[in-house]
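# What the coordinates show
In case you want the letters, here they are:
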Amino acid sequence: MALNPFFLQGSLSEQRLVQDLINEQLKIYGVDVTYIPRKFVRTQDIIREVQSSKFDDNYLIEAYIVNYDGYGGSGDILTKFGMSIRDELTLVISKERFEDFITPFMGQDQDDGIVEYHRPREGDLVYFPLGQRLFEIKFVEHEQPFYQLNKTYVYELKCELFEFEDEVIDTSIPEIDSRVEDKGYITTLSLAGIGTTATATAVMGTGYIRRIYLNDDGSGFTSTPTVAISTSPTGDTASAVAITTSKGGVVSVSEIYMTNAGSGYTTAPSITISGGGGTGAAATCSIETSGNGVIRYQVTGIGSGYAISPGIQIENPIAPVTYPNPAIGLAVYSPSTTGISTIYVIDAGAGYGSTPAVTVQGPPVLTGSGDYLFNEIITGSISGTTARVKSWNALRSVLEISYVAVDDNGRITTTPFTPGESIVGSSSSAIYSLISYDSDDAYDSDKYSENDEIEEAADLLIDFSESNPFGNF
Amino acid sequence: MLGTYFYHEIIRKTVISFGTLFNQIYIVHKDGDGNNNSQIRVPIAYGPMQKFLARIEQQPNLNKPIQITLPRMSFEMTSIQYDPTRKASLTQTFKACEGGNIKKVFMPVPYNLGFELNILCKLNDDALQIVEQILPFFQPAFNLTIDLVDSIGEKRDIPMILDNVSFQDDYEGDFSTRRALIYTLQFTAKTYLFGPVADSSDGLIRKVQVDMYSGTDTTTAKREMRYTVVPDPINAEPDDDFGFSENWNFFSDSKTYSPTQQIDI
């Protein structure tokens with residue numbers, strides 16, 4: 001039987017009136033929430049998942065809180081994976097308001113991966129300012145109330161708290177962005193604020209050890225052996241240190257560096273390598289009994305801002321020396337001071353008529369500058385590794401980062417950044433040099449991760465004398 | 001009878017050893033161009049904990065803006081079961097040396113500890129990355145050499161056996177519940193439980209003395225020769241590098257050695 005033609009069953013003007021009344025009620029009794037659409041960065045086609053997402057837009061819209069007497073859901077529960085907050089929120093927004101003020105902007109973002117849509121979409125976020133929480137829309141109900149005057153007027157958004165992984169949240173609203181800046185997998189870069197170049201001078205001498213030759217590297221060392229050089233008959237007694245290396249579980253001596261090449265030697269002194277639990281290491285040396293060479297270095301300024309040992313340049317002997325033999329030194333930096341701790345004599349050189357100038361290479365960034373910006377991309381100048389800024393502490397020169405990406409054929413490295421390289425901000429152009437990279441407190445704010453605690457405890461128990469495929473130790 | 005206090009922390013050590021197997025698992029996400037976008041070290045923790053501690057540690061300021069961060073792994077011990085197939089003789093003991101003192105230990109009791117490793121992920125691809133980094137190491141066991149009783153330096157190979165892999169993917173149903181993606185790996189750790197470590201009354205043998213007689217009847221035969229051997233140096237410890245000092249004495253005095261008085265009478 002057909003409808004009664006003497007009734008309108010919902011005219012456009014009646015529908016318009018209802019929609020206006022609803023809009024007005026929402027503006028009176030609702031709260032302003034921020035609608036944050038999801039952009040798909042990468043989707044997995046076969047198993048049908050959005051692997052990477054970002055949320056970098058924001059739209060303010062008034063919403064009525066349906067569960068006005070408190071959050072729905074299970075509340076705070078303790079799971080085998082730690083605390084999980086199962087709060088749920090149901091919001092009602094005006095269909096007309098959404099379509100008029102949000103939908104038009106959505107269409108412009110199609111190139112960013114958003115599929116065009118005219119309605120709120122599951123997976124998008126809503127920031128609820130009263131609870132300062134991020135909710136994810138899990139279902140949009142569009143037919144409640146059910147076609148009054150032949151039309152629906154509102155969307156009901158059923159939301160639950162967001163499960164955070166590594167999504168980029170950069171809405172440019174500090175209140176929202178700061179809520180997640182300490183969440184997720186965050187690692188720390190210690191940067192050098194201001195660097196200074198180290199300085200050193202050369203000390204000359206005659207009758208010195210020109211160079212030490214390692215004839216046998218020995219084996220079985222458990223600690224660094226001692227190098228003893230026989231006493232000089234008239235001048236300074238030479239001294240040297242051994243550097244050990246390990247390969248295949250066998251520790252042997254790799255290098256012997258002189259801290260003092262000595263003086264007054266007329267014959268090549270004997271060199272004894274002892275201690276350290278190993279055997280077999282032996283070395284000999286050549287001496288220069290005439291002319292001058294660099295027998296040691298005096299560090300006059302240790303410098304700062306170094307993350308790796310800098311190069312060192314010693315001035316060549318000046319003509320008219322017939323066969324000038326330049327000296328070779330090796331500077332060693334100290335991680336605790338970020339300056340150089342000592343300069344070893346590798347080759348004392350020969351034929352110096354006067355004291356040569358010593359030039360130590362400067363730190364990578366002499367003066368760090370700028371302030372890193374939240375969420376900007378930073379890049380390591382040597383490693384090429386990129387990451388996003390979570391927070392920047394200019395006073396302590398500590399940069400907290402996330403989304404560390406190593407372009408190394410997908411391989412993982414536990415030290416993705418190279419100490420000594422410059423860390424450059426893409427937007428801020430801030431630049432500082434890297435002292436160290438630390439991932440120990442990667443989940444500091446979550447207090448869930450115990451990876452390092454477990455690994456340190458296990459290191460005392462487990463005999464990984466062969467190798468440890470599961471950890472650093 | 002029972003009640004001698006001892007605590008070697010063997011079960012705790014086994015728990016730690018199991019946990020450390022999985023503390024260096026990473027997942028990688030890629031961007032739209034297929035480049036490495038981010039790498040995440042998957043956090044792991046022992047699941048059971050005090051409730052108040054979980055609350056004040058993981059939700060200290062009460063208004064956490066998100067539900068949880070993912071991915072996560074948790075593990076827990078699920079069973080302790082006697083393993084009769086590895087049992088050695090009941091009364092057998094062995095001795096160990098600690099700083100010159102001899103310790104006596106009864107043979108340990110073999111026990112199987114059941115473990116469960118749970119993996120909670122937001123994406124199936126994350127879970128697959130994690131599981132694929134774990135499974136190849138277990139064929140089906142991975143042996144760990146664990147210092148079970150450090151006071152006697154007892155290191156044992158403990159096989160960690162992967163028994164079962166299962167997963168739960170609740171993707172069906174209405175939209176009121178979120179998809180839960182949990183992989184569960186069940187393991188058995190074949191460990192040993194040691195009893196109390198006692199000081200042995202035996203002590204270190206520092207001298208061996210043998211008297212040789214002219215016949216097998218020592219009541220009538222005459223003592224002819226004595227062989228003594230001591231470590232050199234005399235105060236050497238078992239772990240030291242030492243030699244032996246041997247001595248032969250010849251007798252014609254018809255005396256006999258008294259072990260109680262430790263003299264010839």
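Residues numbered from 1 in each chain as written. Chains lettered and ligands numbered in written order. Predicted model: local features only at pLDDT ≥ 70, side-chain atom pairs only at ≥ 80, totals over all residues. Heavy atoms only, no water.

### Some details on the overall build of chain A
Scanning chain A for helices and strands turns up five helices and 29 strands. Relative to the globule expectation of 23 Å for 473 residues, the C-alpha radius of gyration of chain A, 35 Å, shows a markedly less compact shape. Along the first, second and third principal axes, the C-alpha set of chain A runs to 125 × 50 × 40 Å. Across the 473 residues in chain A, those meeting the buried criterion constitute 47%. (Helix = DSSP H or I, 4+ residues; strand = E, 2+ residues; numbered from the N terminus. Rg over C-alpha atoms; globule rule 2.2 N^0.38 Å. Buried < 20%, exposed > 50% of the residue type's maximum accessible area, 1.4 Å probe, protein only.)

### Section: the sheet that holds strand E15 (residues 243-250) of chain B
Residues and elements named next belong to chain B. The strand order E13-E14-E15 describes an open sheet built from three strands, whose pairing is antiparallel. Each edge of the open sheet carries a strand with a single partner, namely strand E13 (208-213) and E15. Taken pair by pair, the neighbouring strands of this sheet meet at an average axis angle of 15°, ignoring direction. As paired elements, strand E14 (residues 223-232) and E15 share eight bridges and run antiparallel to each other. Counterpart to Val229 in the pairing with E15 is Glu246. (Pairing = 2+ DSSP bridges. Axes fitted to C-alpha atoms, helices over the stretch in contact; angles between N-to-C directions.)

### Some details on the packing of aromatic side chains
Summed over the entire model, instances satisfying the criterion amount to 28 aromatic pairs over all chains. Ring plane angle 25° and centroid distance 5.5 Å describe the contact between A:Tyr257 and A:Tyr344, whose orientation is recorded as stacked. Taken as a pair, A:Tyr257 in strand E17 (residues 250-260) and A:Tyr344 in strand E23 (residues 340-347) lie far apart in primary sequence, 87 residues in all. Classification of A:Tyr257 as buried rests on a relative accessible area of 14%. Positioned above the aromatic ring of A:Tyr448, the side-chain terminus of B:Arg72 is 4.4 Å from the ring centre. Cation over ring: B:Arg86 sits above B:Tyr192, and NZ or CZ is 4.8 Å from the ring centre. (Phe/Tyr/Trp six-rings, centres within 6.5 Å; stacked < 30°, edge-to-face > 60°. Lys NZ or Arg CZ within 6 Å of the ring centre and 35° of its normal.)

### Details of the domain arrangement of chain A
Each domain of chain A was delimited in the assignment, giving domain 1 (12-180), domain 2 (187-194 + 367-442) and domain 3 (200-360). The straight-line distance from the C-alpha centre of domain 1 of chain A to that of domain 3 of chain A is 68 Å. (Domains from an automatic or database assignment.)

### Considerations on the pattern of salt bridges
Residue and element names in this part refer to chain B. Scanning the entire structure with this criterion turns up 34 salt bridges over all chains. Of the charged contacts, one joins Lys190 and Asp83 as a salt bridge, the two residues approaching to 3.2 Å between their closest N and O atoms. Note that Lys190 is positioned in strand E11 (residues 180-193) and Asp83 in the loop between strand E5 (72-82) and strand E6 (93-98), a separation of 107 residues in sequence. Between Asp169 and Arg179 there is a salt bridge, and its shortest N-O distance comes to 2.9 Å. Separated by 10 residues along the polypeptide, Asp169 in strand E10 (residues 154-170) and Arg179 in the loop between E10 and E11 bring together distant segments of the chain. (Salt bridge = Lys/Arg side-chain N within 4 Å of Asp/Glu carboxyl O.)

### Side note on the sheet that holds E10(B)
To summarise the sheet geometry, strands pair through backbone hydrogen bonds and adopt either a parallel or an antiparallel arrangement. All names here are of chain B. Taken together, the six strands give an open sheet; going across it, the order is E3-E5-E8-E11-E10-E9, and neighbouring strands pair in mixed fashion. If you trace the sheet from one side to the other, it starts and ends with strand E3 (44-46) and strand E9 (141-149), each paired once. Geometrically, the sheet is characterised by an average inter-axis angle of 30° between neighbouring strands, direction not taken into account. For E10 and E11, the ladder comprises 10 bridges, and the chain directions are antiparallel. By the bridge assignment, Ser166 is partnered in E11 with Thr184.

### Concerning the interface of chain B and chain A
Opposite the 71 residues of chain B that make contact, chain A presents 68 residues. Summing the contributions of chain B and of chain A, the shared interface buries around 6800 Å²; its carbon and sulfur component is 54%. Taken together, the links from chain B to chain A amount to nine salt bridges. A:Glu167 is the partner of B:Lys122 in a salt bridge, and the nearest nitrogen-oxygen pair spans 2.5 Å. (Contact = heavy atoms within 4.5 Å. Buried area = accessible area lost by both parts, 1.4 Å probe.)

### Description of a negative patch on the surface
A cluster of like negative charges, contributed by A:Glu450, A:Glu453, A:Glu456, A:Asp459 and B:Glu57, occupies part of the molecular surface. Its place among the elements puts B:Glu57 in helix H2 (residues 51-58). We classify B:Glu57 as partly exposed; its relative accessible area is 31%. (Patch = residues over 30% accessible without salt bridge, like charges linked within 9 Å, V, L, I, M, F, W, Y side chains within 5 Å. Areas by Shrake-Rupley, 256 points an atom, 1.4 Å probe, with all protein chains shown as cover. Lys, Arg positive; Asp, Glu negative; His and termini not counted. Charge placed at Lys NZ, Arg CZ, Asp CG, Glu CD.)

### Examining a nonpolar patch on the surface
Residue and element names in this part refer to chain A. Taken together, Ile28, Tyr29, Tyr64, Val66 and Tyr68 make up a surface patch of nonpolar side chains, about 560 Å² in accessible area. Structurally, Val66 can be placed in the loop between strand E4 (59-65) and strand E5 (72-79). Exposure remark for Val66: the relative accessible area of 32% places this residue in the partly exposed category.

### So, the side chain of A:Ser52
Here A:Ser52 is to be found in strand E3 (residues 49-55). We classify A:Ser52 as buried; its relative accessible area is 4%. Side-chain polar atoms of A:Ser52 contact the backbone oxygen of B:Lys30, separated by 3.1 Å. Not counting chain neighbours up to four residues away, the residues in contact with A:Ser52 comprise A:Lys39, A:Phe40, A:Val41, A:Arg42, B:His29, B:Lys30 and B:Asn37. (Polar contact = N/O pair within 3.5 Å; in protein donor to acceptor, adjacent residues only side chain to side chain.)

### Considerations on empty space enclosed by the protein
For the structure on display, the rule yields five cavities of 30 Å³ or more. Its boundaries defined by the atoms lining it, the largest cavity holds a volume of some 50 Å³. If you trace the largest cavity, you find 13 residues lining it, with A:Asp166, A:Tyr185, A:Ser402, A:Tyr403 and B:Ile40 closest to the centre. Counting only elements with at least two residues in the lining of the largest cavity, the list comes to strand E27 (398-405) of chain A together with strand E2 (36-41) of chain B. Class assignment of the residues belonging to the lining of the largest cavity gives a composition of five nonpolar, four polar and four charged. Of the residues that make up the lining of the largest cavity, three or more belong to each of domain 1 (12-180) and domain 2 (187-194 + 367-442) of chain A. (1 Å grid on protein atoms, 1.4 Å probe; cavity = no way out; pocket = protein on both sides within 12 Å on 5 of 7 lines; lining within 4 Å. Points joined across faces, edges and corners; volume = space filled by probe spheres on them. Nonpolar A, V, L, I, M, F, W, Y, C, P; charged D, E, K, R; others polar.)

### Some details on the packing of helix H5 (residues 451-459) of chain A against helix H1 (residues 10-20) of chain B
Here H5(A) crosses H1(B) at 120°, and the two axes come no closer than 9 Å. Here H5(A) is positioned oblique relative to H1(B), judged by the angle of their axes. As H5(A) packs across H1(B), the resulting crossing turns out to be left-handed. Listed contacts from H1(B) to A:Ile454, A:Glu455, A:Ala457 and A:Ala458 of H5(A) are B:Ile16, B:Gly19 and B:Thr20. (Parallel < 35°, antiparallel > 145°, perpendicular 65-115°, else oblique. Left-handed = near helix turned anticlockwise from the far one by under 90°.)

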